[in-house]
Amino acid sequence: MKIENIELRRVTMPLVSPFRTSFGTASERETTLVRVTTANAEGWAEHAAEPDPLYSSEFLDGGDVVIRDHLVPRLQALGGRLTAELVATTLAPVKGHPMSKSVLETAILDAQLKEAGTSFAHHLGAVRDCVPAGVSVGIMDSLDELLAAVESYLAEGYLRIKLKIEPGWDLEPVRAVRERFGDNVLLQVDANTAYTLADARHLGQLDPFGLLLLEQPLAEDDILGHAHLAKLIQTPICLDESIESARDAAAAIALGACSVINIKPARVGGYLEARRIHDVAAANGVPVWCGGMLETGIGRAANVALAGLPNFVLPGDTSASSRYYAQDLTAPFVLEEGHVRIPRGPGIGVDILPDVLGEITTSSMAIRF
Ligand code: OSB
Ligand code: MG
């Protein structure tokens, strides 16, 4: 496939409400959109990193530089031989930066599939038309505020609630949600690395609440710690930040560090590696679910396609557009009886709304291929 142009476009979108995690609070989502132009198609993807390197070491400004100065030149060297399948191996000599690699691979895959008239869902192997939607609920200033948020999400039809936790905001919010909404609500928690193994006894106090899982309690590089913790508590451990490749997934499973995996395509370098993680987990009987990074409709479209694969057996953070944005960048993803529909058109299967794009763009950079 011959690429003519790559454009990096920085956009900022207001969130409907601030989103607080153990590592920070976001009231808007800033991202770099990548547009890849070929003779017959235009591919789009969005960078998953945040402005600050707090979720992982990647951050948006750094991503723009690594894409422009280190990743795109390597792809240019392939000339017309470039395909999405060659992106990861071509970029492998550059250490790290999975989200920057992912946004390029995804935009190229989108253009390639649009040229072929194939959807992401079909290409990746989705086996469903709709995926069950969960919702990730941030840390709040009070339990009352939290209960009001959970109540409205349940009323909208979300099939699973994930509470963000940190030391000082863990047992109480879980107890409050269980007491108010009962034991049948599918409930899980995400610590974003906020604990250490010394907190094992404390985290064990979550056991009576029947949580689906405890996501990433310890540091991302603490696989051994998670394996120890898994023996000390009953709540299943799910890894997010720790898993950046199918090899990481295989190791974590073999070591007993997790019994569930949150797959975020951007975190692992793209949808093709995400599918490999899905396959490794399936082969080991480990269920997976699709995580999110507050994506606009562009990233959401591809995520829900991935979530259609057979081993995505738990509801994902694949919420409706309205969970994040009053005005999305594409036609909004909506909840239909707790599910989100997988786009079936070519590529990611959604169109960017040009007026919205114009309004939210803060800068852009064109790279001639
Ligand atoms: O850890 O899953 C996470 C958002 C930003 C960074 C990290 C995480 C999250 C979420 C939100 O939990 C998931 C979503 O709804 O997109
Ligand atoms: Mg997480």
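Not measured: the values here are computed from a predicted model. (Residues numbered from 1 in each chain as written. Chains lettered and ligands numbered in written order. Predicted model: local features only at pLDDT ≥ 70, side-chain atom pairs only at ≥ 80, totals over all residues. Heavy atoms only, no water.)

Moving on, we come to the coordination of the magnesium ion (ligand 2). Distances from the magnesium ion (ligand 2) to its protein donors, Asp 190 (OD), Glu 215 (OE) and Asp 240 (OD), fall at 2.1 to 2.3 Å. Read N to C, the donor residues that coordinate the magnesium ion (ligand 2) are spaced as D-x24-E-x24-D. Taken as a pair, Glu 215 in strand β8 (residues 214–215) and Asp 240 in the loop between β9 (237–239) and α9 (246–254) lie far apart in primary sequence, 25 residues in all. (Donors = N, O, S within 2.8 Å, 3.2 Å for Na, K, Ca; no water. Helix = DSSP H or I, 4+ residues; strand = E, 2+ residues; numbered from the N terminus.)

Taken as a whole, this structure holds 22 salt bridges when the rule is applied. Its salt-bridge partner being Asp 64, residue Arg 10 comes within 2.7 Å of it at the nearest N-O pair. Of this pair, Arg 10 sits in strand β1 (residues 3–21) while Asp 64 sits in helix α1 (residues 60–76), and the two are 54 residues apart along the sequence. Each member of the pair, Arg 10 together with Asp 64, is buried. We note a salt bridge from Glu 336 to Arg 341, for which the minimum N-O separation is 3.1 Å. A relative accessible area of 45% means that Arg 341 is categorised as partly exposed. (Salt bridge = Lys/Arg side-chain N within 4 Å of Asp/Glu carboxyl O. Buried < 20%, exposed > 50% of the residue type's maximum accessible area, 1.4 Å probe, protein only.)

Take the domain arrangement of the protein next. Parsing the protein into structural domains produces domain 1 (3–117 + 353–368) and domain 2 (121–341). Using only C-alpha atoms to locate each centre, domain 1 and domain 2 end up separated by 23 Å. Opposite the 31 residues of domain 1 that make contact, domain 2 presents 41 residues. Counting each side, the surface lost to burial between domain 1 and domain 2 is near 3100 Å², with a carbon and sulfur contribution of 65%. Summed over the three residues of domain 1 that lose the most area to domain 2, namely Phe 19, Arg 20 and Tyr 55, the buried surface amounts to 23% of that side. The tally of links from domain 1 across to domain 2 stands at 1 salt bridge. For Arg 20, the salt bridge is made with Glu 166, and the minimal N-O distance between the two is 2.9 Å. Seen at the junction of domain 1 and domain 2, the total is 14 residue pairs in polar contact (both at pLDDT 80 or more). Among the secondary structure elements, those contributing two or more residues to the side of domain 1 that touches domain 2 are β1, β2 (24–38), β3 (42–46), α2 (84–91), α3 (98–116) and α12 (354–360). The element best represented in the side of domain 1 that touches domain 2 is α3, accounting for 8 residues. Here the residues of the side of domain 1 that touches domain 2 sort into 20 nonpolar, 4 polar and 7 charged. (Domains from an automatic or database assignment. Contact = heavy atoms within 4.5 Å. Buried area = accessible area lost by both parts, 1.4 Å probe. Polar contact = N/O pair within 3.5 Å; in protein donor to acceptor, adjacent residues only side chain to side chain. Nonpolar A, V, L, I, M, F, W, Y, C, P; charged D, E, K, R; others polar.)

Turning our attention to the sheet that holds β2. One open sheet accounts for 4 strands, arranged β3-β2-β1-β13; its pairing is antiparallel. At either end of the open sheet lies a strand with only one pairing partner, and these are β3 and β13 (361–368). When the angles between neighbouring strand axes are averaged without regard to direction, this sheet yields 20 degrees. As defined by bridge partners, β1 adjoins β13 across 7 bridges and the pair is classed as antiparallel. What sits directly across from Arg 9, in β13, is Ser 364. Sitting on the sheet, α3 touches β1, β2 and β3, and the angle it makes with β3 is about 150 degrees. (Pairing = 2+ DSSP bridges. Axes fitted to C-alpha atoms, helices over the stretch in contact; angles between N-to-C directions.)

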